[in-house]
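Examining the three-dimensional arrangement
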Amino acid sequence: MALTQNEKDQITRYKIQIESYRKELDNLKKVKKQKSEYWSNLVKNTKDANAKRSHRQSKLSWMNSMDKSIESKKQQIDRIKENITKIKK
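Figured I'd write up the structure that's included with this text. Here the structure is a predicted model, which is why all the values come from computation and not from measurement.

**With respect to the packing of aromatic side chains**
- Applying the stated criterion to the full structure yields one aromatic pair.
- Note on Y38 and W39: the rings are 5.5 Å apart at their centroids and 70 degrees apart in plane angle, and the pair reads as edge-to-face.
- With relative accessibility at 14%, the residue W39 sits in the buried group.
- We note K35 situated over the ring of W62; from NZ or CZ to the ring centre the distance is 5.9 Å.

**Quick word on helix 2 (residues 49-88)**
- With 40 residues, helix 2 ought to run about 58 Å at 1.5 Å a step, and its terminal C-alpha atoms sit 58 Å apart, in line with that.
- Buried within helix 2 are the following residues: H55, M63, M66, I70, K73, I77, I80, I84 and I87.

**Things to note about the side chain of S36**
- Residue placement: S36 occurs in helix 1 (residues 5-45).
- Its relative accessible area of 19% is what places S36 among the buried residues.

**With respect to the environment of K23**
- Counting through the fold element by element, K23 comes out in helix 1.
- Overall, K23 belongs to the exposed group, its relative accessible area being 53%.
- Taking the C-alpha atoms as reference, K23 lies 26 Å from S58; in sequence the two are 35 residues apart.

**Comments concerning helix 1**
- Taking 1.5 Å as the rise per residue, helix 1 with 41 residues should run 60 Å; its terminal C-alpha atoms sit 60 Å apart, in good agreement.
- Every buried residue belonging to helix 1 is among I11, Y14, I18, Y21, L25, L28, S36, W39 and V43, and all of these are buried.
- Of the surrounding elements, those touching the buried residues of helix 1 are helix 2.

**Re the packing of helix 1 against helix 2**
- Direction vectors running N to C along helix 1 and helix 2 enclose 170 degrees, while the axes themselves pass 9 Å from each other. One way to sum up the angle between helix 1 and helix 2 is to call them roughly antiparallel.
- Considered class by class, the residues forming the contact of helix 1 with helix 2 number 18 nonpolar, nine polar and 16 charged.

**A closer look at the pattern of salt bridges**
- According to the stated counting rule, one finds two salt bridges in the structure shown.
- The shortest N-O distance in the salt bridge between E24 and K73 comes to 2.5 Å. A residue pair is termed long-range when its members are at least 10 positions apart, and E24 in helix 1 and K73 in helix 2 qualify at 49 residues.
- Residue classification places E24 among the partly exposed residues on the basis of a relative accessible area of 31%.

Calculation notes
Residues numbered from 1 in each chain as written. Predicted model: local features only at pLDDT ≥ 70, side-chain atom pairs only at ≥ 80, totals over all residues. Heavy atoms only, no water. Phe/Tyr/Trp six-rings, centres within 6.5 Å; stacked < 30°, edge-to-face > 60°. Buried < 20%, exposed > 50% of the residue type's maximum accessible area, 1.4 Å probe, protein only. Lys NZ or Arg CZ within 6 Å of the ring centre and 35° of its normal. Helix = DSSP H or I, 4+ residues; strand = E, 2+ residues; numbered from the N terminus. Expected span 1.5 Å × (residues − 1). Contact = heavy atoms within 4.5 Å. Axes fitted to C-alpha atoms, helices over the stretch in contact; angles between N-to-C directions. Parallel < 35°, antiparallel > 145°, perpendicular 65-115°, else oblique. Nonpolar A, V, L, I, M, F, W, Y, C, P; charged D, E, K, R; others polar. Salt bridge = Lys/Arg side-chain N within 4 Å of Asp/Glu carboxyl O.

Okay, here's the thing in C-alpha cells:
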C-alpha cells in the first residue's frame, strides 16, 4: 500500500526530529567529556582530602545526570523510529 502525502509529510517531520535529537545527543556527549575533564582536573589539583572527596561525589552525580539525559535522547530517537515503522506498515 502506498503512503499518502500526509504520511510522507509526517515521516519527513519525524526524520527532521531525529536529526535534531542526534545533534543534541552529540552536544551532550561533548559537554560530558569536557565536564569530565574539568572535574578530573579539580580532583587532581586539590590538596585537601575532603575537597577531593566532594569533587569526586559532585563529578559522579553530574555524570549520572548526563548519562540519564543521553539515554533519554536515545529513547526519544527510538520512539520516533518506531512511529515511522508504524506509518510504513
